Amino acid sequence: MSLNHKDIGLLYILVGVWSGVMGFSLSLIIRLELGLGGEWLGDEHLYNVVVTAHAVMMIFFLVMPVFMGGFGNWLMPSMLGLGDMALPRLNNLSFLLLPCSLMFFMISMMISGGAGGWTMYPPLVLGEFMSGKSMDLMILSLHVAGLSSLLGSINLLVTGVLGGQMGGSVEQLPLMVWSLMITAFLVLLTIPVLAAALTMLLLDRNLGTSFFNPVGGGSPLLYQHMFWFFGHPEVYILILPGFGIVSHVVAELGGKFEVFGYLGMVYAMISIGGLGCLVWAHHMFTVGLDIDTRAYFTAASMTIAVPTGIKIFSWLASLYGLVEVSSSMVLWVLGFIFMFVVGGLTGVMISNSSLDVMYHDTYFVVAHFHYVLSMGVVFSMFLGLNYWFPLVMGVNLPDVGLKVHFYLVFVGVNMTFFPQFILGLMGMPRRYVDFPDMLEFWNSVSSVGALISFMGMLVYIGSIFQSLVSGKIVCSTFWGLSGLEWVQGSMVSYHSCEEGVVNFS
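Conventions and cut-offs
- Residues numbered from 1 in each chain as written.
- Predicted model: local features only at pLDDT ≥ 70, side-chain atom pairs only at ≥ 80, totals over all residues.
- Heavy atoms only, no water.
- UniProt positions renumbered as here; feature names shortened; annotations may be inferred.
- Salt bridge = Lys/Arg side-chain N within 4 Å of Asp/Glu carboxyl O.
- Helix = DSSP H or I, 4+ residues; strand = E, 2+ residues; numbered from the N terminus.
- Buried < 20%, exposed > 50% of the residue type's maximum accessible area, 1.4 Å probe, protein only.
- Patch = residues over 30% accessible without salt bridge, like charges linked within 9 Å, V, L, I, M, F, W, Y side chains within 5 Å.
- Areas by Shrake-Rupley, 256 points an atom, 1.4 Å probe, with all protein chains shown as cover.
- Axes fitted to C-alpha atoms, helices over the stretch in contact; angles between N-to-C directions.
- Parallel < 35°, antiparallel > 145°, perpendicular 65-115°, else oblique.
- Left-handed = near helix turned anticlockwise from the far one by under 90°.
- Nonpolar A, V, L, I, M, F, W, Y, C, P; charged D, E, K, R; others polar.
- Contact = heavy atoms within 4.5 Å.
- Phe/Tyr/Trp six-rings, centres within 6.5 Å; stacked < 30°, edge-to-face > 60°.
- 1 Å grid on protein atoms, 1.4 Å probe; cavity = no way out; pocket = protein on both sides within 12 Å on 5 of 7 lines; lining within 4 Å.
- Points joined across faces, edges and corners; volume = space filled by probe spheres on them.
- Lys, Arg positive; Asp, Glu negative; His and termini not counted.
- Charge placed at Lys NZ, Arg CZ, Asp CG, Glu CD.
- Polar contact = N/O pair within 3.5 Å; in protein donor to acceptor, adjacent residues only side chain to side chain.

Under the annotation held in an unreviewed UniProt entry, the chain carries the name Cytochrome c oxidase subunit 1 and is attributed to Plagiorhynchus transversus. According to the UniProt record, the Sequence similarities (unreviewed entry) comment for the chain reads "Belongs to the heme-copper respiratory oxidase family." The annotation that UniProt attaches to the chain under Cofactor (unreviewed entry) is "heme".

Draft legend 1. Representation of the pattern of salt bridges. One pass over the structure, following the stated rule, counts 5 salt bridges. Two residues, R430 and D361, come together in a salt bridge whose shortest N-O distance is 3.8 Å. Within this pair, whereas R430 is found in the loop between α13 (399-425) and α14 (440-470), its partner D361 is found in the loop between α11 (353-359) and α12 (363-393), the two being separated by 69 residues in sequence. A relative accessible area of 16% means that R430 is categorised as buried. A salt bridge links D361 to R431; its shortest N-O distance comes to 3.5 Å.

Draft legend 2. Here's a closer look at a nonpolar patch on the surface. On the surface, L10, L11, L14, M393 and L468 cluster together into a nonpolar patch covering about 420 Å² of accessible area. No other element matches the 3 residues that helix α1 (residues 5-35) contributes to the nonpolar patch. As for its position among the elements, L14 is in helix α1.

Draft legend 3. Representation of the packing of α13 against α14 in the model. Here α13 crosses α14 at 160°, and the two axes come no closer than 7 Å. Accordingly, the angle class assigned to the pair α13 and α14 is roughly antiparallel. Remark: the crossing between α13 and α14 carries left-handed chirality. Looking at the contact of α13 with α14 residue by residue, the classes come out as 18 nonpolar, 11 polar and no charged.

Draft legend 4. Structural detail: the environment of L289. As for its position among the elements, L289 is in the loop between α7 (262-276) and α8 (291-303). Taking relative accessible area as the criterion, L289 reaches 17% and is therefore assigned buried. The contact partners of L289, leaving out residues within four places of it in the chain, are A281, M284 and R294.

Draft legend 5. Quick look at the packing of aromatic side chains. Tallied over the full model, the rule gives 34 aromatic pairs. With centroids separated by 5.2 Å and ring planes inclined at 85°, the aromatic side chains of F243 and F340 adopt a geometry described as edge-to-face. Taken together, the residues span a long stretch of sequence, with F243 in helix α6 (residues 220-253) and F340 in helix α10 (residues 328-350) at a distance of 97 residues. Of the two residues, F243 and F340, neither departs from the other in class, the shared state being buried. Ring plane angle 40° and centroid distance 5.3 Å describe the contact between W332 and F382, whose orientation is recorded as tilted. Residue W332 is located in helix α10, and its partner F382 is located in helix α12; the two are separated by 50 residues in the primary sequence. One exposure class covers both W332 and F382, and it is buried.

Draft legend 6. Quick look at empty space enclosed by the protein. Summed over the entire model, instances satisfying the criterion amount to 1 cavity of 30 Å³ or more. Each pocket or cavity is described by its volume, and for the largest cavity that value is around 160 Å³. Taken together, 17 residues line the largest cavity, and the ones lying closest to its centre are Y12, M68, G69, S148 and S149. For the lining of the largest cavity, the element with the highest residue contribution is helix α4 (residues 134-167), accounting for 7 residues.

Draft legend 7. Representation of a negative patch on the surface. On the surface, a cluster of negative charge is contributed by E39, D43, E44, D434 and D437. Within the fold, D43 resides in the loop between α1 and α2 (44-80).

Draft legend 8. Main features of the packing of α2 against helix α5 (residues 175-206). Running from N to C, α2 and α5 point in directions that differ by 135°, and their axes come no closer than 10 Å. What the angle tells us is that α2 and α5 run oblique. Crossing of α2 over α5 shows left-handed handedness. The residues of α5 that touch α2, namely those facing F60, M64, F67, M68, F71, G72, L75, M76, M79 and L80, are M176, V177, L180, M181, T183, A184, V187 and L194. Counted by class, the contact of α2 with α5 contains 16 nonpolar, 2 polar and no charged residues.

Draft legend 9. Structural detail: the side chain of T52. Residue placement: T52 occurs in helix α2. A distance of 2.8 Å separates a polar atom in the side chain of T52 from the backbone oxygen of N48. One polar contact links the side chain of T52 to the main-chain amide nitrogen of G117, over a distance of 2.6 Å. Once residues lying within four places of it in the same chain are set aside, the contact partners of T52 are F105, A115, G116, G117, W118 and M138.

Draft legend 10. Region of the structure containing the environment of F418. Counting through the fold element by element, F418 comes out in helix α13. Take F418: its relative accessible area is 46%, and that puts it in the partly exposed class. The contacts of F418, once residues within four sequence positions are left out, are Y371 and V413.

Draft legend 11. Spatial organisation of unusual backbone geometry. With an omega of 0°, the peptide bond running from P122 to P123 counts as cis. Within the secondary structure layout, P123 lies in the loop between α3 (88-110) and α4. Unusually for a residue other than glycine, S112 sits at a positive phi of about 50°. The phi dihedral of M120 is positive, around 55°, even though this residue is not glycine. Along the chain, M120 turns up in the loop between α3 and α4. When its relative accessible area of 1% is taken as the criterion, M120 is described as buried.

Right, dumping it as structure tokens:
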């Protein structure tokens, strides 16, 4: 019941880590099923339930809580020189809604055979095809999670605006604060649209309306438009805080106090957020859009590559003259940039409507968004956890363990997802529980990669355990926030370290 932003941030991270372990375990089950031909789980619906649970766990219960709830709560007041978030009680409520939502979702997995199909497309999720209460519970869970995100975002926006006004020039706000505020704005814009779509779905299922039921004159396409108007900005909601973290770490690694081309980075993030809301129908190129609509969504989707490219080049320019070449942080930053570039370039391919007709709903798309999410987002998350762990816990993580973890995860995820580009080009559809023998080799390689990533996760857990047990007190580093103050419009940081204990003024 704490109202302290650091307590709440830590609670968010703990819930997020638990959900992440759960979601990662589900992904291993998926890879075990697809490692060899035939059916291992013995039930196609169960496979769909596992895929659905993996997606929802990772997006709504790992990335959003850790980035916005965890890093947002912990870092934003400290970076702005504030004592706490602007609305502490709202902060507490937004956290308390999250475990409730998680509980509803876990129950939905276990009753009535579970809910399958994470995008929840009608008519497949309407009463005649999925009549159990598990889908209703999953919709309720997403409603509660959405409410939690909305309240948290209101808090982040108000705190950011107040902190910016107190501190003087907007041009001096840290990029992490900018990224969190843009993310919060996107959440406030898009989550209500998802909530409306889910409410209409709930009414269709239980009260005999036909918003999305073609039998009663409804349109399943309306649902797709509403879902993807949330679904595409959601990708940027997940990756933008990661951009902020990478910008912070890159500035320190390069021995500078701010990232190269600060204003360009701010405008790039704003334009990524804005353009992200205008391209939703590139997920729907195969539904029969007319040629002009397809041309618009193709052009708008490709335009996002411009601000994204600006960010990539700014990070690389900031890394010029690396101070700590041998640190594990450098590996995570370079790994993030590489993965995000691969994900972005394949995204430009898929955003082309004529190519997407071929690639749509194949494993090529799965590989693309996992390069952005499973690698881009998760690499930046590990970077943030490693970078600020000594600040939060007061002990250092062993650098050797972090490097071993990086190499195992880097090799593992590339082995998992690069073969899926090949599988997609060979025509393997998404969400299928079995496949022809000709696809077995690349599926086996992919599954071995997942097991290597699993070994990397074990090393990481071991590193954290070792650091907490050995308790090497931290005595270093400018975290981009500790004791931040505004002095005559300039942002300064000060801290001292005496007798192995950190003293923050």
